[in-house]
Amino acid sequence: MPINLCINPDREKSVINPMIYGHFIEHFHRQIYDGIYDPANPLSDEDGLRTDIIDAMKKIRVPILRWPGGCFVSAYHWKKAVGPNRTPVFDKAWRIEDPNTFGTDEYIKLCRKIGCEPYICTNAGTGSAEEMSDWVEYCNLTDEGEYAKKRISNGYTKPHNVKYWSIGNENYGHWEIGAKSSEEWGRLVLESAKMMKHVDPYVQLSAAAIADVDWTFNLLKTCGHFLDWISVHQYWDMVPEINELADYDACMAYTYEIDRTVSEVRGMLTALKLEKKIKIAFDEWNLRSWHHPNVHTITQGANKEDYLTPRDKNDDNSSYTMADAVFAACFLNAMIRNSDIVGMANFAPVLNTRGCIYSYDKGIVLRSTYHVFDLYVNHMGDTYIDVCTDKGELSAVLPVTEVKDKKGMTRSVTSLDICATGSSESGEISLSVVNKDADTSHDISVNTCGLKKAILYSINGKDKDSYNDINQNEIDISSEKLQISDDGKVYISVKPHSVNVIKLI
Ligand code: AHR
């Protein structure tokens, strides 16, 4: 018997901010240098930016790009990376020289070429309120003061108009340069926000937070009146020191309560009556953490084989399989379901490391997660709408599957992850159906709400461990026209380890 899904387009739950499909790029291991910024490569344009990578980012309509870090930013001084004379610095976060040839102006050019909003994360580690607000002056003042005049002298007459700014990055963490106590954090964010808003009252400000009551309650009570966003991060398969990746089933186990962080932060915002004023920016997320041993530790790596060379393990394309795609789709569905309070999410990162795009000297590889973004930004709608079953709420009816997590414990997760969207412009309806099961198909029926055409878009590989690589394309988006039965429904057997969108037109 199929699971009979009933979409109710008249029951609109929330409007989806397209910035939930955002991305992040950091000065870390081939994301910037030898990544997007590769002046010597024939594939790069007059600004040294890789046109093939930009084209791929345009196809997934990157709405916002967070930069320059990440941990990198907590000892970064932006003034050394603007103007004709760039100062190479030793990046104390990642223990490598940064030539500073890619700075604010190059980043803005990149965002303009992609067609996305810039989103600058400031240095709240070793930086100051003044350095942050000087950065806002450089970017947003027309011509008043030292920094706007410096921008003009650097050849940028018009302001860059950077609207989104985040104060700090994970300053709660022992691994972060310039880590802060909760009290220190509240005070620094308060003074920084004040100065940044004095420069440009129209900037939207976020600040680094976690689902921790002490840290976040203090932050919100101290400076919630200045904040428009609150920033949270999460990686599930934590492999910074030892690159032993969770297998498919363990990755599915991570989908259990995938929106737990959102729920906890929502609770804090609500308790402080800020849930209508402040939105959540989930501005770093990925199934797997980045692998970078011996830098987030007390004893640092003694030589480059200890702490630099191992970063190449992030570039193993065979490790980006349908597990990553299925997890990413479950995460994006969770953000859609929470789109009343989540206004931004940034895949960490967009390029190389654990990114959805891998670049090499002659081209790019679109990893499995790239196709999830391609599918969602181009085929899901802008309004979260209700879907249930003929036997009641999804949660009460959906089949569950038992999987073993990374510690070998058995976890029950729903086999299917489902959510529906409508399109305020076209009236189209899109239903995401993600099948987490490694081996089992699930039969469903979907009411077509009186619409006359149904298309099934699917992302899959020949098996759960399929992956894309140079000269290997096992995972892509396929589409097929669905037959609408006399009962006004479509009937589908949802394949194992697959991400699907049924689009009703
Ligand atoms: O592993 C990369 C790091 O993850 C980012 O720089 C930081 O923001 C997060 O801890």
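The rules behind the values
- Residues numbered from 1 in each chain as written.
- Predicted model: local features only at pLDDT ≥ 70, side-chain atom pairs only at ≥ 80, totals over all residues.
- Heavy atoms only, no water.
- Domains from an automatic or database assignment.
- Contact = heavy atoms within 4.5 Å.
- Buried area = accessible area lost by both parts, 1.4 Å probe.
- Salt bridge = Lys/Arg side-chain N within 4 Å of Asp/Glu carboxyl O.
- Polar contact = N/O pair within 3.5 Å; in protein donor to acceptor, adjacent residues only side chain to side chain.
- Helix = DSSP H or I, 4+ residues; strand = E, 2+ residues; numbered from the N terminus.
- Nonpolar A, V, L, I, M, F, W, Y, C, P; charged D, E, K, R; others polar.
- Buried < 20%, exposed > 50% of the residue type's maximum accessible area, 1.4 Å probe, protein only.
- Phe/Tyr/Trp six-rings, centres within 6.5 Å; stacked < 30°, edge-to-face > 60°.
- Lys NZ or Arg CZ within 6 Å of the ring centre and 35° of its normal.

Draft legend 1. The domain arrangement of the chain, seen in detail. Domain parsing of the chain yields domain 1 (3-11 + 382-504) and domain 2 (17-379). Contacts between the two partners involve 39 residues from domain 1 and, on the opposite side, 40 residues from domain 2. Summed over both sides, the interface of domain 1 with domain 2 buries roughly 3100 Å², with 66% coming from carbon and sulfur. At the boundary of domain 1 with domain 2, the tally comes to two salt bridges. Here Asp 237 and Lys 406 are joined by a salt bridge, their closest N and O atoms 2.5 Å apart. At the boundary of domain 1 with domain 2, the tally comes to 16 residue pairs in polar contact (both at pLDDT 80 or more). For the side of domain 1 that touches domain 2, the secondary structure elements donating two or more residues are strand 15 (400-404), strand 16 (410-414), strand 17 (416-422), strand 18 (429-435), strand 20 (454-460), strand 21 (468-469), strand 23 (476-482) and strand 25 (498-504). For the side of domain 1 that touches domain 2, the per-class residue count stands at 15 nonpolar, eleven polar and 13 charged.

Draft legend 2. Structural context of the pattern of salt bridges. Enumeration according to the criterion identifies 30 salt bridges in this entry. For Arg 11, the salt bridge goes to Asp 386, with nearest N and O atoms at 3.4 Å. With a gap of 375 residues between them, Arg 11 in strand 1 (residues 3-15) and Asp 386 in strand 14 (residues 383-389) connect regions that are remote in the sequence. By relative accessible area, Arg 11 is classed as partly exposed at 44%. Under the relative-accessibility criterion, Asp 386 is labelled buried at 6%. Here Asp 361 and Lys 362 are joined by a salt bridge, their closest N and O atoms 3.2 Å apart. Asp 361 gets classed as partly exposed once you look at its relative accessible area, which sits at 49%.

Draft legend 3. Quick look at the packing of aromatic side chains. Tallied over the entire structure, the rule returns 29 aromatic pairs. Taking 5.9 Å as the distance between ring centres and 75° as the angle between the ring planes, the aromatic pair formed by Trp 236 and Phe 331 counts as edge-to-face. Of this pair, Trp 236 sits in strand 9 (residues 229-237) while Phe 331 sits in helix 10 (residues 322-337), and the two are 95 residues apart along the sequence. For the pair shown, Trp 236 and Phe 331 are each scored as buried. Seen in terms of ring centroids, Phe 282 and Phe 331 are 5.1 Å apart; in terms of plane orientation they differ by 90°. Their pairing is edge-to-face. Of this pair, Phe 282 sits in strand 10 (residues 279-288) while Phe 331 sits in helix 10, and the two are 49 residues apart along the sequence. Of the residues examined, Phe 282 reaches a relative accessible area of 0% and is grouped as buried. Phe 331 sits in the buried class, given a relative accessible area of 0%. What links up through ring pairs into an aromatic cluster is the set Tyr 33, Tyr 37, Trp 67, Phe 72, Tyr 76, Trp 78, Phe 102, Tyr 107, Trp 135, Tyr 138, Tyr 147 and Trp 165. Against the face of Tyr 307 rests Arg 95, its NZ or CZ located 3.9 Å from the ring centre.

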